[in-house]
Amino acid sequence: MGKYTELRDQLTLEEKVALIHASSFFNSGYVERLGIPPLKMDDGPNGVRQEFEPDCWKPLGDTADLVTWMPSNTCLATTWSKTLAKKFGQVLGEEARGRGKDVILAPGINIKRTPLCGRNFEYMSEDPELISEIVVPLIKGIQENDVAACVKHYALNNQELERLLVEAKVDEKTLQELYLPAFKSACIDADSYSIMGAYNRANGEYCCNNKHLLVDILRDMWNYTGVVVSDWGGVQETEATIDHGVDIEMSVFPAYSEYFLADPLIELVKAGKVDESKVDERVDRILALIEKLHIGEPEHKQGCFNTPEHQEIIEEIAEEGIVLLKNDKKHLPLSPLREDGTHKRILVVGDNATRNNGLGGGSSEIKMLYTITPMLGLPMTRGGDMYYKWMPGYYLDNENELSINDEWQASSLDALEKVESGEEEGTYAELVKDMVMYEPEKPDEEAIRKDYEERILPRQKKFREEVLAAIPDYDEVIFIGGLNHAFDVEGYDKKTITLPYAQDELIEAMAAAAGEKLTVVLMCGSAVEMPWIDKVHNLLQMSYAGENGGLALARVLYGDVNPSGKLPETYPIRLSDTPTEKYGSYPGEIGPEGHRVCEYTEKLMVGYRYYETEKVDVLFPFGYGESYTTFAIEKCDSKVTGSLGADLAIEVSGILKNTGSRTGKEVVQLYVGLPESDQPVKQLKAFEKIEVSPDAPVPFRLVIGEKELETFDVPANSFSAKTGEYKLYLGTSVKDIVYETKFTL
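Rules of the game
Residues numbered from 1 in each chain as written. Predicted model: local features only at pLDDT ≥ 70, side-chain atom pairs only at ≥ 80, totals over all residues. Heavy atoms only, no water. Axes fitted to C-alpha atoms, helices over the stretch in contact; angles between N-to-C directions. Helix = DSSP H or I, 4+ residues; strand = E, 2+ residues; numbered from the N terminus. Parallel < 35°, antiparallel > 145°, perpendicular 65-115°, else oblique. Left-handed = near helix turned anticlockwise from the far one by under 90°. Contact = heavy atoms within 4.5 Å. Pairing = 2+ DSSP bridges. 1 Å grid on protein atoms, 1.4 Å probe; cavity = no way out; pocket = protein on both sides within 12 Å on 5 of 7 lines; lining within 4 Å. Points joined across faces, edges and corners; volume = space filled by probe spheres on them. Nonpolar A, V, L, I, M, F, W, Y, C, P; charged D, E, K, R; others polar. Buried < 20%, exposed > 50% of the residue type's maximum accessible area, 1.4 Å probe, protein only. Salt bridge = Lys/Arg side-chain N within 4 Å of Asp/Glu carboxyl O. Expected span 1.5 Å × (residues − 1). Arc of directions from axis to C-beta. Core = buried A, V, L, I, M, F, W, Y, C linked by side-chain atoms within 4.5 Å. Polar contact = N/O pair within 3.5 Å; in protein donor to acceptor, adjacent residues only side chain to side chain. Phe/Tyr/Trp six-rings, centres within 6.5 Å; stacked < 30°, edge-to-face > 60°. Lys NZ or Arg CZ within 6 Å of the ring centre and 35° of its normal.

Trainee: Any chance you could break down the packing of helix α5 (residues 172-179) against helix α7 (residues 211-221) for me, citing the residues and the numbers?
Mentor: Packing of α5 against α7 brings their axes to within 14 Å, and their N-to-C directions diverge by 60°. Our classification of the angle between α5 and α7 gives oblique. Here α5 and α7 pass one another in a crossing that is right-handed. Here Glu172, Leu175 and Gln176 of α5 lie close against α7, whose contacting residues are His212, Leu213, Ile217 and Met221.

This is the structure in structure tokens:
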């Protein structure tokens, strides 16, 4: 036993219970008498959130919480780099520790089941293998700094629509094979010190008191010994939670003694309805975590933030997180000079060229030291005699919604004050149960129509006409649009994946006017439709890329950096092509108990699994991304050694050649087709990102074992590899396959 764990038997019941619920909005409980400190927590996945007052959602207002705004989880996954994932974690851990935090509420790893999910920008991919390979080094990097990762949201938090009420219904095979593998890797391979329970229900029970998720799987199947933290307000009852629920209850209300794992629990223990040993189990895990983090010890790491090293790393991640989707005329990279040697005039169009997208999105908001927008990054990279002109191009008709998404926390306090003052009836438990974030007001259709005709449409037309009139005066036109945090946002789902603000019409008109000199850059957290795709020759995609994102984009556009990002999700041609639309399995229907039930009838057929199996054409496939150079994979071979249950190893090897004129990075990807009839035709099982210089081929080998061939046997409640014929596919995306072979087990 350690310094803190040996104190457990000295604790009173009241002190034990104090440790398993919040003592402020971002601190767990503490016991001053014995010197047991709180665990200091904070959001989030792309940087350490600003400081708030302890008991209200009011920013502290000082300048000691200005931090590095890091790229989003989607941007990190787009790099397909395990090395950068480790560096990302190290930066996040150091910054969290430098801010005095013990637990960072990150990373987010839920599967991108539908492109409509508003929180997709915080997540990584539609594929569990890619997520697993990125999340393990990320977590290890965080925890090197005496900071616990808190991987989230466990589990099936795949939509924001009615997220506090919705019930996800999924069969066990799909759950185990698609939605849990990344969490399993985080808990077992990375040893994430903590994990966050989700808001939603899963197969009948809330995730924060879900016996199957938290006991049968997490504790018994995975032997997880870390701490389970509730999402803020995710606990809904006392007895079920103490029987098989979370270890620490957090919420958005400051009525700490009224929490479900507070005074109501003490009363149940004293009445003999709950055994005190259940409290002891949680206390033991919390005290063990405090010891793991060396809190209060001389060797406790101090961390740092806003260092030049951090800024260099996050810029590298931003650069490798940009995807070159189209360059069919080889116009990119851009030259700053005309043919006569004089400098070009550059027209930059679009709100995302100047917007700071780190300030919104919900709990992922960042109070950053600085931000370099694309409009700043371009002249920073090529300034001097260059001339840049920015024009909005499209009108943001919902500017107010870019900040309103952060106000739900404050509104929760208003509800509590009304109850405590007697203005409204209710209890803390009822407040939690009825809490629905961002509940929209009933729209006034006539007012909406009038507003569109009188305010929005004229401004859209004016901005568009101004751009079209200006285009002839410029040598290059760079459109930087896409989404923003009115759409990529916690608490809301999108209603469509069509670009907002009439951007499609603008892009089409610009393409007709500018031709090959138009470059389109889309900034977004998940897939969008592109009906103008055949008319645009130069196209890049970037996620929210952190404070150096604009500089990274400029360096890619001008060729200082060779793009190497690969899509971590499929871009469908249209929303109606997606599996959840085809199966009618989103957003669910109101069930007999009065809440929304979303049944995952598409089962394993999510993302590329569906598109490849059903042969559905897509806009851009999973794993896709071009480069300013070209590659060839040659001399491919495979071999199988061992057998099932006896050191099975499958190796695919080859040589990656750079057939162009500049150094670049390519991702070789290995997909497997399993013998079972209900499986997708291809599943990613291994990949490697490789840097290759011209005339310097690099040999590679990808090795998988029996584990990668296993599927879940429901009757046996375990994974196993089956006998039969397996297929191997090697390529540079799920669609661009250069080598296929078969073997039988």
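Structure shown, so let's carry the discussion forward.
Trainee: Which residues make up the sheet that holds strand β9 (residues 205-206), and what are the values?
Mentor: Strands sit in the order β9-β8-β6-β19-β18 across an open sheet of 5 strands; the sheet is mixed. One side of each edge strand has no neighbouring strand; the edge strands of this open sheet are β9 and β18 (589-590). Direction of pairing for strand β8 (residues 201-202) relative to β9: antiparallel, over a ladder of 2 bridges. Residue Ala202 lies in a different strand from β9, and its bridge partner there is Glu205.

Trainee: Any chance you could break down the layout of surface pockets for me, citing the residues and the numbers?
Mentor: For the second largest pocket, the calculated volume is near 690 Å³. Lining the second largest pocket are 28 residues, and of these Glu129, Pro181, Ser185, Lys707 and Glu708 lie nearest its centre. Sorting the residues of the lining of the second largest pocket by element identifies α4 (128-143), α5, α6 (181-189), β24 (683-692) and β25 (698-705) as the ones contributing at least two each. Residue composition of the lining of the second largest pocket, by class: 11 nonpolar, 6 polar and 11 charged.

Trainee: Can you lay out α6 for me, pointing to particular residues and giving the numbers?
Mentor: Where α6 is concerned, the buried positions are Pro181, Ala182, Phe183, Ser185, Ala186 and Cys187. Summarising the contacts, the buried residues of α6 are in contact with α4, β5 (148-154), α5, β7 (194-197) and α7.

Trainee: Lay out the sheet that holds strand β28 (residues 725-731) in plain terms, naming residues and giving numbers.
Mentor: Read across the open sheet, the 4 strands follow the order β24-β23-β28-β29; overall the sheet is antiparallel. At either end of the open sheet lies a strand with only one pairing partner, and these are β24 and β29 (737-744). On average, adjacent strands in this sheet sit at an angle of 15° to one another, irrespective of strand direction. Of the pairings in the sheet, the one linking strand β23 (residues 664-673) to β28 comprises 5 bridges and is antiparallel in character. Looking across to β28, one finds that Gly673 is bridged to Lys727.

Trainee: Please give an account of unusual backbone geometry that cites residues and values.
Mentor: The step from Lys152 to His153 runs through a cis peptide bond, and the omega angle for that step is -5°. With an omega of 0°, the peptide bond between Tyr154 and Ala155 qualifies as cis. As for its placement among the helices and strands, Ala155 is situated in the loop between β5 and β6 (167-169). For Asn223, which is not a glycine, the phi torsion comes out positive at approximately 55°. Considering the arrangement of structural elements, one finds Asn223 in the loop between α7 and β10 (227-230). Within the chain, Asp647 stands out as a residue other than glycine whose phi angle is a positive 55°. Taking the relative accessible area as the measure of exposure, Asp647 reaches 72% and is therefore exposed.

Trainee: Give a description of the packing of helix α16 (residues 445-470) against helix α17 (residues 503-514) that names residues and reports values.
Mentor: Where α16 contacts α17, the axes come no closer than 10 Å and their chain directions differ by 15°. One element, α16, and the other, α17, form an angle in the roughly parallel class. When you trace α16 past α17, the crossing you get is right-handed. Of the residues in α17, those touching α16 at Arg464, Val467 and Leu468 are Glu505, Leu506, Ala509, Met510 and Ala513.

Trainee: So what's going on with the pattern of salt bridges? Which residues, and what values?
Mentor: Two side chains bearing opposite charge may form a pair once their charged atoms approach each other closely. Enumeration according to the criterion identifies 58 salt bridges in this entry. Between Arg113 and Glu602 there is a salt bridge, with the nearest N and O atoms lying 2.6 Å from each other. With Arg113 in the loop between β4 (103-105) and α4 and Glu602 in the loop between β19 (596-599) and α20 (608-613), this pair connects stretches of sequence that are 489 residues apart. Owing to a relative accessible area of 3%, Arg113 belongs among the buried residues under this scheme. Relative accessible area serves as the criterion here: at 2%, Glu602 is assigned to the buried category.

Trainee: How would you summarise α17 if you had to cite specific residues and measurements?
Mentor: The end-to-end C-alpha distance of α17, which contains 12 residues, comes to 16 Å, matching closely the 16 Å that a straight helix rising 1.5 Å per residue would cover. Among the residues of α17, Gln503, Asp504, Leu506, Ile507, Met510, Ala511 and Ala514 are the ones counted as buried. The buried residues of α17 occupy one face: seen down the axis, they fall within an arc of 160°. Where α17 terminates, the next one or two residues include Gly515, which has phi positive at roughly 60°.

Trainee: Tell me about the nonpolar core, and name the residues and values.
Mentor: Core analysis: the biggest nonpolar cluster contains 130 residues, and Ile36, Leu39, Tyr154 and Trp232 have the highest contact counts within it. When residues in this core are grouped by element, the largest group, 8 residues, is from α4. Setting aside anything within four residues of it in sequence, one finds Leu39 in contact with Phe26, Asn27, Ser28, Asp102, Val103, Ile248, Ile286, Leu289, Ile290, Leu293 and Ile295.

Trainee: Give me the environment of Leu11: which residues, what numbers.
Mentor: Tracing the chain through its elements places Leu11 in the segment before α1 (13-19). Since its relative accessible area comes to 8%, Leu11 is described here as buried. Counting along the chain gives 23 residues from Leu11 to Leu34, while the straight-line C-alpha distance between them is 8.3 Å.

Trainee: How would you explain the pairing of β29 if you had to name every residue and give the values?
Mentor: Note that β28 and β29 share 7 bridges and pair antiparallel. Residue pairing in the sheet places Tyr729 in a bridge with Glu740 of β29. In this structure, the hairpin formed by β28 and β29 is closed by a connection of 5 residues.

Trainee: I'd like to hear about the side chain of Ser627, residue by residue, with values.
Mentor: Position of Ser627 relative to the elements: it lies in the loop between β20 (618-620) and β21 (631-643). With relative accessibility at 11%, the residue Ser627 sits in the buried group. Within the structure, Ser627 has its side chain in polar contact with the side chain of Asn562 (distance 3.0 Å). A polar side-chain atom of Ser627 sits 3.0 Å from the main-chain amide nitrogen of Thr629. Each residue touching Ser627, except ones within four places of it in the same chain, is listed here: Leu324, Asn562 and Pro563.

Trainee: How would you summarise the side chain of His21 if you had to cite specific residues and measurements?
Mentor: Tracing the chain through its elements places His21 in the loop between α1 and β1 (22-24). Residues contacting His21, with those up to four places away along its chain left out, are Ser28, Gly29, Ile248, Glu249, Tyr256, Tyr259, Leu261 and Ala262.

Trainee: Residues and numbers for the packing of aromatic side chains, please.
Mentor: Overall, the coordinates contain 25 aromatic pairs when judged by the stated rule. Aromatic pair Tyr395 and Phe463: ring centres 6.1 Å apart, planes at 70°, arrangement edge-to-face. Of the two residues, Tyr395 is situated in the loop between β13 (387-391) and α13 (401-404) and Phe463 in helix α16; the sequence distance between them amounts to 68 residues. Each member of the pair, Tyr395 as well as Phe463, is classed as buried. In this arrangement the basic side chain of Lys82 is found over the ring face of Phe687, its NZ or CZ atom lying 4.7 Å from the centre. Directly above the aromatic system of Tyr600 lies the positively charged group of Arg113, at a separation of 3.8 Å from the ring centroid.

In short, the description is geometric, and any link to function would need to be established separately.
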